[in-house]
Amino acid sequence: MKKKVIIIGGGIAGLSAGIYSVMNGFDTEILEMHSVAGGQCTAWERKKYRFDYCLHWLVGTSKGAFHEIWKETNVINNETEIINHEVHSQIFDKDRNKFIIYTNIDRWEKYLLEMAPEDSKAIRRMCNDMRKSGLLEPFALPPELRNPIDYIRIIPAMLPILILVKKYGRLTCAAYFDKLDFKSEKIKSALYGIYGERNFSALAFIFMLAWFNQKNAGYIKGGSFPLAQRMVEKFERLGGKISYKKRVEKISVENNITKGVILNDGTQILSDYVISTADGYTTIYKMLEGKYISKKIDFAYKNWELFTPLVQVSFGINKLVEYASPITINISKGLKIGRTQLEYGYSIMNYSYDTTMAPEGKTAIVMRYESPWKLWENLEGEEYKNEKFQIESDATGFLELEYPGITKHIEVIDVATPKTDVRYTGVKDGAYEGFMPSKENTMKSLDMQLPKLRNFLMAGQWLFPGGGLPPSAQTGKWSVQLICKKEKQKFISYI
Ligand SMILES: Cc1cc2nc3c(=O)[nH]c(=O)nc-3n(C[C@H](O)[C@H](O)[C@H](O)COP(=O)(O)OP(=O)(O)OC[C@H]3O[C@@H](n4cnc5c(N)ncnc54)[C@H](O)[C@@H]3O)c2cc1C
């Protein structure tokens, strides 16, 4: 008899866990509450436009431990087309001054030096920090399966990074920029405008640009939905079962051993192992009733800041709209959309570089802004509907500012709110990537196993502040490696 593994949630972590679980011979079932898989990694169609909710960059598109996972899980195969943008983003302030972030550090450095020769020391230092960070390599094995030699082996290669971690590990972006002591108002306005005033880790900023520089954080043509579907296809081809519209309410436990799950209609499904990739808070405090927590876990869920949820306004434009940058950010202060005062402006993604996103000769454009959960949690009925109408109208005004004359070409507008995200994925308070990577939790992670609870594992974005597709898929793989260890069988994986 094969041992049965139940996976709660068919997002990227759940699909990854599922693929590795069937690869290793377990009878595997994914229970997904929505009618499609993918979780946050999703998109939706309106009048033949596809509006993407997630993918801009995928760490591991060219090499490293994440790259192996993407190949093994069919996210990257011989047919996938990877696009490496030259420009990461363009940023406009209230006076429409433009500031560009290039993905190539040498090019960005040259651009910054031309803009602000007086800041040459700070610019070179920041760019060198990014170059050094390119050496960062994720571990292939979960912490529980690493031995001291694994750590010793990486020390020589990682030494420059360890020094960076020591120097900047507890700094926010603002503190980092202060330390660099930029003089140029243009540089300060752009960098502080996007990252400066929030508790966002300096290392997260440095590492992100390092990965782009290495061309190891590309965009995959087709975006989020086909990406998740390729994983579903592999999972099912290997013999896995995915059951949709199944919402898990409780995890059954007897004598501290996990026995399976109970669905919201009362159905009990038995299993030898349960891997939860659903929202972390819901798993620990609701499905397991808070009975299995450590001080570390409790502290994290009570104190670590969450991502502020997003409103996404998607536009179908009935003509081709040229793009200068995949992301345009307006950091003007004092803007308002609907009832949200925009603390960090808004961003606009023009998807014309991906021809699968709109019918020929047309363009899908997505606008996003942060909107605190407290504005949404009690908004219902007519009030909610009216807010969406107001958002459509205000957002169209800002789109017109970025692309004068565009309004008459809009043929579809779609508004997705933090409530939409919570409804479809169950994510706590719309925190779409879990815990914000901040100075308090940089380089920290939460354990995949809960104290005293056997045959249960957690995987997914809630284990690593900053979330993202790579740690989600990686912890999916790790969870199966831990099960194999428990079963005393060799873990296998293949493309
Ligand atoms: C706007 C946006 C942009 C992003 N951009 C990027 C990017 O460019 N690159 C990147 O790497 N990452 C990006 N991310 C982050 C990335 O999408 C997430 O970190 C990742 O998809 C999380 O995967 P997960 O499987 O851990 O969790 P989720 O995607 O949240 O999956 C959890 C799944 O569990 C299901 N579920 C929940 N509760 C239950 C239940 N009780 N019973 C059954 N099923 C349940 C949900 O429906 C869902 O399918 C972005 C996210 C967003 C929203």
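Just so we're clear, the structure is a prediction, and the values are computed from it rather than from any experiment. (Residues numbered from 1 in each chain as written. Predicted model: local features only at pLDDT ≥ 70, side-chain atom pairs only at ≥ 80, totals over all residues.)

### Focus: the overall build of the chain
Now for step 1: When helices and strands are tallied, the chain shows 14 helices and 22 strands.
Now for step 2: A compact globule built from 495 residues should have a C-alpha radius of gyration of about 23 Å, and the chain, at 23 Å, falls within 12% of that.
Now for step 3: In terms of its C-alpha atoms, the chain occupies a principal-axis envelope of roughly 65 × 55 × 45 Å.
Now for step 4: Out of the 495 residues in the chain, the part that is buried amounts to 47%. (Helix = DSSP H or I, 4+ residues; strand = E, 2+ residues; numbered from the N terminus. Rg over C-alpha atoms; globule rule 2.2 N^0.38 Å. Buried ≥ 20, exposed ≤ 12 C-beta atoms within 10 Å, placed from the backbone.)

### Notes on the packing of helix α3 (residues 105-115) against helix α4 (residues 120-133)
Now for step 1: Running from N to C, α3 and α4 cross one another at 170°; their axes reach a closest spacing of 10 Å. Comparing the axis directions of α3 and α4 gives the class roughly antiparallel. Between α3, through I105, W108, E109, L112 and L113, and α4, the contact on the second element is made entirely by S120, I123, R124, C127, M130 and R131.
Now for step 2: Taken together, the residues of the contact of α3 with α4 sort by class into seven nonpolar, one polar and three charged. (Axes fitted to C-alpha atoms, helices over the stretch in contact; angles between N-to-C directions. Parallel < 35°, antiparallel > 145°, perpendicular 65-115°, else oblique. Contact = placed C-beta atoms within 7 Å. Nonpolar A, V, L, I, M, F, W, Y, C, P; charged D, E, K, R; others polar.)

### Re helix α1 (residues 12-23)
Now for step 1: Compared with an ideal rise of 1.5 Å per residue, which puts 12 residues at 16 Å, α1 spans 16 Å between its outermost C-alpha atoms and is within 8% of the ideal.
Now for step 2: By the criterion of burial, α1 is predominantly enclosed, with 12 of the 12 residues buried.
Now for step 3: Summarising the contacts, the buried residues of α1 are in contact with β1 (4-8), β2 (27-31), α2 (64-72), α9 (224-237), β14 (273-276) and α14 (469-486).
Now for step 4: Among the residues trailing α1, G25 stands out with phi positive, at a value near 85°. (Expected span 1.5 Å × (residues − 1).)

### Observations regarding the site of the ligand
Now for step 1: Residues in close proximity to the ligand total 38 residues, the closest being G9, G11, G39, G460 and L469.
Now for step 2: Elements with a minimum of two residues in the shell around the ligand: α1 and α14.
Now for step 3: Taken together, the residues that form the shell around the ligand break down as 18 nonpolar, 16 polar and four charged.
Now for step 4: Two domains each donate at least three residues to the shell around the ligand, and these are domain 1 (4-41 + 64-79 + 221-305 + 435-486) and domain 3 (310-428). (Near = placed C-beta within 6 Å. Domains from an automatic or database assignment.)

### Description of the sheet that holds β1
Now for step 1: With respect to topology, five strands assemble into an open sheet ordered β10-β2-β1-β14-β22, the strand pairing being parallel. Among the strands making up the open sheet, the edge pair consists of β10 (241-243) and β22 (456-458). The sheet shows a mean angle of 20° between the axes of neighbouring strands, taken without regard to direction.
Now for step 2: Here β1 pairs with β14 via four bridges, running parallel. Paired with I6 across the bridge in β14 is V274. (Pairing = 2+ DSSP bridges.)

### Quick look at the domain arrangement of the chain
Now for step 1: In terms of domains, the chain is made up of domain 1 (4-41 + 64-79 + 221-305 + 435-486), domain 2 (103-214) and domain 3 (310-428).
Now for step 2: Centre-to-centre separation of domain 1 and domain 3, based on C-alpha positions: 30 Å.
Now for step 3: Contact with domain 1, which involves 11 residues of that partner, is made by eight residues of domain 3.
Now for step 4: Residue composition of the side of domain 1 that touches domain 3, grouped by class: three nonpolar, six polar and two charged.

### Digging into the environment of K374
Now for step 1: Inspection of the secondary structure assignment puts K374 in the loop between β20 (363-370) and α12 (381-402).
Now for step 2: Note: C-alpha distance between K374 and A300 (74 residues apart in sequence) is 20 Å.

### Things to note about the pairing of strand β4 (residues 49-52)
Across a regular strand the side chains alternate sides, sitting on one face of the sheet and then on the other.
Now for step 1: Both faces of β4 are covered, namely the face carrying Y49 and F51 and the face carrying R50 and D52.
Now for step 2: Pairing analysis gives four bridges linking strand β3 (residues 43-46) to β4, with the strands arranged antiparallel. Note on β4: the bridge partner recorded for W44 is F51.
Now for step 3: Hairpin connection between β3 and β4: a loop of two residues separates the two successive antiparallel strands, and K47 in this loop has a positive phi of roughly 45°.

### Structural notes on unusual backbone geometry
Now for step 1: The backbone of K215 sits at a positive phi, close to 55°, despite the residue not being glycine.
Now for step 2: Locating K215 in the fold gives a position in the loop between α8 (202-213) and β9 (217-220).
Now for step 3: Classification of K215 by C-beta neighbours within 10 Å gives partly exposed; the count is 14.

### Points about the pairing of strand β15 (residues 310-317)
Now for step 1: Counting buried positions along β15 yields eight of eight residues, so the element is predominantly enclosed.
Now for step 2: In the sheet, β15 pairs with β20 via eight bridges, with the strands oriented antiparallel. Of the residues in β20, the one forming a bridge with L310 is E370.
Now for step 3: Here β15 pairs with strand β21 (residues 410-416) via six bridges, running antiparallel. Paired with S314 across the two strands is D414, which belongs to β21.

### Remarks on the environment of I8
Now for step 1: Position of I8 relative to the elements: it lies in strand β1.
Now for step 2: On a C-alpha basis, the gap between I8 and L31 in space is 5.2 Å, while along the polypeptide they are 23 residues apart.
Now for step 3: Those residues in contact with I8 that sit more than four places away from it in its chain are L31, V248, V261, V274, S276, T277 and A278.

### Comments concerning the sheet that holds strand β12 (residues 257-263)
Now for step 1: Sheet architecture is open: three strands sit in the order β11-β12-β13, paired in antiparallel fashion. Each edge of the open sheet is held by one strand with a lone partner, namely β11 (248-254) and β13 (268-270). Across this sheet, the average inter-strand angle for adjacent strands is 30°, counted without regard to direction.
Now for step 2: As defined by bridge partners, β11 adjoins β12 across six bridges and the pair is classed as antiparallel. Pairing of E254 across the sheet is with I257, part of β12.

### Topic: helix α13 (residues 418-425)
Now for step 1: Every buried residue belonging to α13 is among P418, T420, D421, V422 and T425, and all of these are buried.
Now for step 2: Buried positions along α13 lie against β15 and β21.
Now for step 3: Two residues or fewer after α13 comes G426, characterised by a positive phi angle close to 75°.

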